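Structure at a glance
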Amino acid sequence: MDGTTPARPIAPELRAEIGDLYAEYADTLDCGEYERWPELFTERCFYAVIPRENHERGLPLATVRCESRAMLKDRVHAIRETQMYVPRWFRHVIAAPRLLAHVDGVVTTRTNYAVFETQPDQLTRVLNVGRYEDEIVRDEGRLRFRRKICVFDSILVPTSIVLPI
Amino acid sequence: MDGNTAAPAAAPAARTPWKAGDFSHVPYWIYRDQDIYAREQARIFAGPNWNYVALESEVPNPGDFKRSFVGDKPVIVTRGADGAINVLANRCAHRGVQLCQEHLGNAKEFVCPYHQWTYDLQGKLIGIPFRRGHKGNGGMPGDFDLGANGLPKLEVAVRHGVIFASFDRAVPSFEDFLGAKMLGYFDRVFDGRPLKVLGYSRQRIPSNWKLMMENIKDPYHASLLHVFLVTFGLFRMDQKSAVQMDDTGRHAVLVNRKGEQAANEATQEMRAFKADMKLADPTLLQPQREFPGDATVVMQTLWPNLIVQQQSNTLAMRQMVPRGPEAHDLLWTFFGYADDPPEMTERRLRQANLMGPAGFVSMDDSEVMMISQQGLDPYPDATAVIEMGGRDTVDADHTITEVALRAFYAHYRQVMEI
Ligand SMILES: [Fe+2]
């Protein structure tokens, strides 16, 4: 999707609601309310965290690949119950979304983000920087992501990505 | 031979000595001393060993190249006009500039941006601007030999689509280097079918490279650390397994067979086992048998820089690039076969969720690498205990053993003369 004019103008109310969705996304994760994170997606959704080098070469391998809301829940379960990781804080900083298109009830956006990570005994560092390539729909009366691809520039990952981008 | 400085004296005088013949204790100074690091670069990575650098399918056409590493030294893997593979030092013969900055690409020649010295795909120096000077001024000396000033070329071995390189002319054949047993396991995944790269993953892990090698030679931890492996029976001590080494001890395989998610006497000692855990979306783990025999996971460590991963249907090369004594990069190349049906590719991509920097399994390991280094680094004179399964270095038909670590250190000490 390039930066062409939306097929239908996006109403200011919808624009504001999309802004709220991103604010909720960042706040939910950074407050550690991981159980609420899958609720920001439609039941049938696709979420991937993919290195920019793979994305640009058309290589499909993703660092995280969830093909349904249920798979997002499995990620949350892993964070809570199964994975060993050093505790840390995440901080998402999400820029204003660029709205690329609004067709058949689907808003396509492209949005810059940065995720900072703070571990005990270490200086805060940039963990992951990139852009979200998203599709947003109205579902059960609210906006949700039906597709979210986190394309990251920071392809040399410092140690691990333990929490959702 | 390229830049191998004379090795410094080993076992720094101020350090706790490492008792001769003791492979079941490892002093922590080997994970953090700079002189050990330099000695490893010279003797191991630049020594008579085959370092993994690329897959042939990454450079399918003449002129294709890939940037890679041998130890911490950057190299370029090229396919020449003749179709043959070359591995060249990524360093201009003039002033040392790193010529190639792109991960993958296609080129007719390599031109150094600094003074435009130009090399062909075999590393031969083919052009120097103002070589003859200008109007009688300057120029290179008349006896300057282009032929003697190319990019240093490494020895190359290609087997079934996998490319290895060595700075040492005295390196044995790849087949002899692996030995029959390890070659058998290598050919199990690399059976000659063309490979297809699915994508890359890269991590900088703040630990010595040997801790990563040890991790994949250690089946004991798999039943304890990894809830995912244990719960879903992907790798567990109560399943039919084997730990095997080559004659030198430098290479190893861990072999396991998938079992059931059922509690038994053995799972009682595994706190990681969760009898009632279910995936909300079980399509994540629906492995399909694709290799001969009943092994469902074979993890092979090839001295000095490669892990070949076959866990269910997720296949990857994990290349280690040491970054000083206290860090290494782990470069993952996930692949399948060119003739995979789309469902198999999907399966591989889904199962890749187990691996890499956010993997349900591998994340546990990268986190452990980090806190291992943090724990041992301030205590160089203390030692690790590697006595699980005994003090010997012979193959085992179970996983409650650290034998492959002992075998690794038996070889390591011989090569390093420490
Ligand atoms: Fe592990």
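In the block above lies the structure referred to throughout.
Computed from a predicted structure; not experimentally measured. (Residues numbered from 1 in each chain as written. Chains lettered and ligands numbered in written order. Predicted model: local features only at pLDDT ≥ 70, side-chain atom pairs only at ≥ 80, totals over all residues. Heavy atoms only, no water.)

Looking at the sheet that holds strand β7 (residues 110-111) of chain B
All names here are of chain B.
- The three strands lie next to each other as β7-β8-β9, forming an open sheet whose pairing is antiparallel. In the strand order of this sheet, the two ends are held by β7 and β9 (125-127), each with one partner.
- Note: strand β8 (residues 118-119) against β9, two bridges, orientation antiparallel. Counterpart to Tyr-119 in the pairing with β9 is Leu-125. (Pairing = 2+ DSSP bridges. Helix = DSSP H or I, 4+ residues; strand = E, 2+ residues; numbered from the N terminus.)

Looking at the coordination of the iron ion
All names here are of chain B.
- Only His-221 (NE2), His-226 (NE2), Asp-365 (OD) and Asp-365 (OD) from the protein coordinate the iron ion, and they sit 2.0 to 2.4 Å from it.
- For the iron ion, the four donor atoms in the first shell make angles of 56 to 149° at the metal, so the coordination geometry reads as irregular.
- Mapped onto the polypeptide sequence, the residues donating to the iron ion form the spacing pattern H-x4-H-x138-D.
- Taking relative accessible area as the criterion, His-226 reaches 1% and is therefore assigned buried. (Donors = N, O, S within 2.8 Å, 3.2 Å for Na, K, Ca; no water. Tetrahedral: all angles 85-135°; square planar, octahedral: opposite > 155°, others 65-115°. Buried < 20%, exposed > 50% of the residue type's maximum accessible area, 1.4 Å probe, protein only.)

Overview of the nonpolar core
- Core analysis: the largest hydrophobic core is formed by 141 residues, its most contacted members being Tyr-25, Tyr-47 and Ile-165 of chain A together with Ile-30 and Tyr-412 of chain B.
- Split by domain, the residues of this core number at least three in each of domain 1 (51-157) and domain 2 (179-416) of chain B.
- Ignoring anything within four residues of it in the chain, the contact list for Tyr-47 of chain A reads Tyr-25, Trp-37, Phe-41, Val-64, Arg-65, Cys-66, Leu-72, Lys-148, Cys-150, Pro-164 and Ile-165 of chain A.
- Membership of the second largest hydrophobic core comes to 17 residues, among which are Ile-76, Leu-99, Phe-110 and Leu-146 of chain B. (Core = buried A, V, L, I, M, F, W, Y, C linked by side-chain atoms within 4.5 Å. Domains from an automatic or database assignment. Contact = heavy atoms within 4.5 Å.)

Concerning the pattern of salt bridges
- Overall, the coordinates contain 44 salt bridges over all chains when judged by the stated rule.
- Asp-187 of chain B serves as the salt-bridge partner of Arg-159 of chain B, at 2.6 Å between the closest nitrogen and oxygen. Linking Arg-159 of chain B in strand β10 (residues 155-159) with Asp-187 of chain B in helix α2 (residues 174-189), this pair joins segments that are 28 residues apart in sequence.
- Notably, a salt bridge pairs Arg-391 of chain B with Glu-387 of chain B, separated by 3.0 Å at the nearest N-O pair.
- Look at the salt bridges and you will find they share partners, linking Glu-24, Glu-33, Arg-36 and Arg-142 of chain A into a network. (Salt bridge = Lys/Arg side-chain N within 4 Å of Asp/Glu carboxyl O.)

Quick notes on the environment of Phe-145 of chain A
- Among the structural elements, Phe-145 of chain A can be located in strand β7 (residues 142-152).
- The contacts of Phe-145 of chain A, once residues within four sequence positions are left out, are Leu-21, Tyr-22, Tyr-25, Leu-40, Phe-41, Thr-42, Cys-45, Asp-134, Glu-135 and Ile-136 of chain A.

Describing the pairing of strand β16 (residues 306-311) of chain B
Residue and element names in this part refer to chain B.
- Most of β16 is tucked away, with six of its six residues classed as buried.
- Side chains Leu-306, Val-308 and Gln-310 project from β16 onto one buried face, and the interleaved Ile-307, Gln-309 and Gln-311 project onto a second face that is buried too.
- Note that strand β15 (residues 297-302) and β16 share six bridges and pair antiparallel. In the sheet register, Gln-300 faces β16, and the bridge partner there is Val-308.
- The loop that links β15 with its antiparallel partner β16 comprises three residues.
- Alignment of β16 against strand β17 (residues 314-322), held across six bridges, turns out to be antiparallel. Paired with Val-308 across the bridge in β17 is Met-317.

Regarding the pairing of β7 of chain A
Residues and elements named next belong to chain A.
- The element β7 is largely enclosed, with a buried count of eight among its 11 residues.
- Here strand β1 (residues 41-51) pairs with β7 via seven bridges, running parallel. Paired with Val-49 across the bridge in β7 is Cys-150.
- Pairing geometry for strand β6 (residues 125-139) and β7, over 10 bridges, is antiparallel. Each bridged residue has a counterpart across the sheet, and for Asp-139 the counterpart in β7 is Arg-142.
- Here β6 hands over to β7 after two residues, with Glu-140 in that stretch at a positive phi of 50°.

A short note on the packing of helix α1 (residues 34-45) of chain B against helix α8 (residues 403-416) of chain B
All names here are of chain B.
- Packing of α1 against α8 brings their axes to within 10 Å, and their N-to-C directions diverge by 90°. Taken together, the axes of α1 and α8 lie roughly perpendicular to each other. Residue-level inspection shows Ile-36, Arg-39, Glu-40, Arg-43 and Ile-44 of α1 in contact with α8, the latter providing Tyr-412, Val-415 and Met-416.
- Residues that form the contact of α1 with α8 fall into these classes: five nonpolar, no polar and three charged. (Axes fitted to C-alpha atoms, helices over the stretch in contact; angles between N-to-C directions. Parallel < 35°, antiparallel > 145°, perpendicular 65-115°, else oblique. Nonpolar A, V, L, I, M, F, W, Y, C, P; charged D, E, K, R; others polar.)

Regarding the packing of aromatic side chains
- For the structure shown, the criterion picks out 30 aromatic pairs over all chains.
- Ring geometry for Trp-37 of chain A against Phe-41 of chain A: centres 5.8 Å apart, planes inclined by 80°, an arrangement best described as edge-to-face.
- The buried category is assigned to Trp-37 of chain A, whose relative accessible area is 1%.
- When the centroid spacing of 5.3 Å and the interplanar angle of 65° are considered together, the rings of Phe-228 of chain B and Phe-232 of chain B count as edge-to-face.
- The class of Phe-228 of chain B is buried, set by a relative accessible area of 1%.
- Through a chain of ring-to-ring contacts, the aromatic side chains of Tyr-22, Tyr-25, Trp-37, Phe-41, Tyr-47, Tyr-113, Tyr-132 and Phe-145 of chain A assemble into a single cluster.
- A cation sits over an aromatic face here: Arg-75 of chain A above Phe-360 of chain B, 4.1 Å from the ring centre.
- Of note, Arg-193 of chain B hangs over the ring of Tyr-337 of chain B, and the distance from its end group to the ring centre comes to 3.6 Å. (Phe/Tyr/Trp six-rings, centres within 6.5 Å; stacked < 30°, edge-to-face > 60°. Lys NZ or Arg CZ within 6 Å of the ring centre and 35° of its normal.)

Some remarks on the interface of chain A and chain B
- Listed by partner, the interface residues are 36 residues for chain A and 41 residues for chain B.
- Buried surface at the junction of chain A and chain B, both sides included, amounts to about 3,300 Å², of which 57% is carbon and sulfur.
- At the surface where chain A touches chain B, the tally comes to four salt bridges.
- Connecting chain A to chain B are 23 residue pairs in polar contact (both at pLDDT 80 or more).
- Mapped by element, the contributors of at least two residues to the side of chain A that touches chain B are α2 (52-57), β2 (64-66), α3 (69-82) and β8 (156-158) of chain A.
- No other element matches α3 of chain A, which puts nine residues into the side of chain A that touches chain B.
- In terms of residue class, the side of chain A that touches chain B is made up of 17 nonpolar, 10 polar and nine charged.
- Direction of pairing for β8 of chain A relative to strand β12 (residues 195-205) of chain B: parallel, over a ladder of three bridges. Of the residues in β12 of chain B, the one forming a bridge with Val-157 of chain A is Gln-203 of chain B. (Buried area = accessible area lost by both parts, 1.4 Å probe. Polar contact = N/O pair within 3.5 Å; in protein donor to acceptor, adjacent residues only side chain to side chain.)

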